[in-house]
Amino acid sequence: MTTKRWQLAHGRHLDLGPKAVVVGILNVTPDSFSDGGLFIAPEKAIAQARRMAEEGAAVIDIGGESTRPGFAPVTAEEEQARVLPIIEALAASGEALISVDTYREDTARRAVAAGAHIVNDVWGLQREPGIARVAVETGAGLIIMHTGRERQKLPDVIEDQFLFLRKSLEIARAGGVADGQIVLDAGFGFAKETTEENLDLMARFSELQALGFPLMAGTSRKRFIGGVTGREPAERAVGTAATSVILRLKGADLFRVHDVAINVDALAVADAMLARENELSPGR
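Below or above, wherever it landed, is the structure these notes cover. From a predicted model like this one, the values you see are computed outputs, not experimental measurements. (Residues numbered from 1 in each chain as written. Predicted model: local features only at pLDDT ≥ 70, side-chain atom pairs only at ≥ 80, totals over all residues. Heavy atoms only, no water.)

**Observations concerning the environment of Phe188**
Line of reasoning, step 1. The topology assignment puts Phe188 in the loop between strand S8 (182-185) and helix H6 (195-203).
Line of reasoning, step 2. Take Phe188: its relative accessible area is 0%, and that puts it in the buried class.
Line of reasoning, step 3. As for Phe188 and Met202, which are separated by 14 residues in sequence, their C-alpha atoms are 8.7 Å apart. (Helix = DSSP H or I, 4+ residues; strand = E, 2+ residues; numbered from the N terminus. Buried < 20%, exposed > 50% of the residue type's maximum accessible area, 1.4 Å probe, protein only.)

In structure tokens:
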């Protein structure tokens, strides 16, 4: 399996390809869909980040504004007040790489200055294109996510991915972002309203490899998993792990999850199988 080096801020990097990378979700918000309010207190957020790192998360993704359907926007100042102290504390201890989940240029800039290595933009640079400038100036890794919100989508799930993500990549390249800084995220659940649409995206996920970038999957506890299993968000860890394995076999490199340990184990089995498959069929 080909290794791709993902360049990050502060002289760091991640090698993607042979081993799945788990990204732990840390929502320091009162209203996220499955864990809102649990980690709003800084000491609880820091303890949860350390717990996820101990369980095998290579990256902790910290968000200060909910992105669930119907979320209430917060000001940049409120977002920064929530995330920056956590980033500073985790950067000082160095347990894991740090990602900031934001679409705001100013928050991204301040977060990287505080110690974040990655900027995760759920609007794919199309809300505040200045995020690209932050990536260039700081060397931060950049996660560009697909969304169908606030626009007319194409009926074909993969054609719409290509339409949106190619526009985002044009913004990134026009701003001077190096290809080696970029990871793409298919945006499961972001205006993919039905269980079937999300399952279609999973089934055809490997087609996104044509874009030529590492891929992140963010299915954790999403509504479509509940649509399949009938379980409430906090009970969807097993269903999430199943989607992680499926998407690993279809080419995903990174997995953004709430429940780290179960996904680390599930992905270890998938990686072992892929490695064995490569040994049995070298050159594939």
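Continuing now.
**Some details on the side chain of Ser244**
Line of reasoning, step 1. Here Ser244 lies in helix H8 (residues 237-249).
Line of reasoning, step 2. Taking the relative accessible area as the measure of exposure, Ser244 reaches 2% and is therefore buried.
Line of reasoning, step 3. Within the local environment of Ser244, its side chain forms a polar contact with the side chain of Asn263, the two groups lying 2.8 Å apart. (Polar contact = N/O pair within 3.5 Å; in protein donor to acceptor, adjacent residues only side chain to side chain.)

**Considering the packing of helix H2 (residues 76-93) against helix H3 (residues 105-114)**
Line of reasoning, step 1. In the contact formed by H2 and H3, the axes pass within 9 Å of each other and the chain directions differ by 20°. Here H3 runs roughly parallel to H2, going by the angle between their axes. Along this stretch, H2 crosses H3, giving a crossing that reads as right-handed. Counting all contacts with H2, which are made through Ala76, Glu79, Gln80, Val83, Leu84, Ile87, Glu88 and Ala91, the residues of H3 involved are Asp106, Thr107, Arg110, Ala111 and Ala114. (Axes fitted to C-alpha atoms, helices over the stretch in contact; angles between N-to-C directions. Parallel < 35°, antiparallel > 145°, perpendicular 65-115°, else oblique. Left-handed = near helix turned anticlockwise from the far one by under 90°. Contact = heavy atoms within 4.5 Å.)

**Some points on the sheet that holds strand S9 (residues 215-217)**
Line of reasoning, step 1. Taken together, the eight strands give a closed barrel; going around it, the order is S3-S4-S5-S6-S7-S8-S9-S10, and neighbouring strands pair in parallel fashion. The sheet shows a mean angle of 25° between the axes of neighbouring strands, direction not considered.
Line of reasoning, step 2. Pairing of strand S4 (residues 59-63) with strand S5 (residues 97-101), which is carried by five bridges, proceeds in the parallel orientation. Along S5, the bridge assignment pairs Ile60 with Ile98. (Pairing = 2+ DSSP bridges.)

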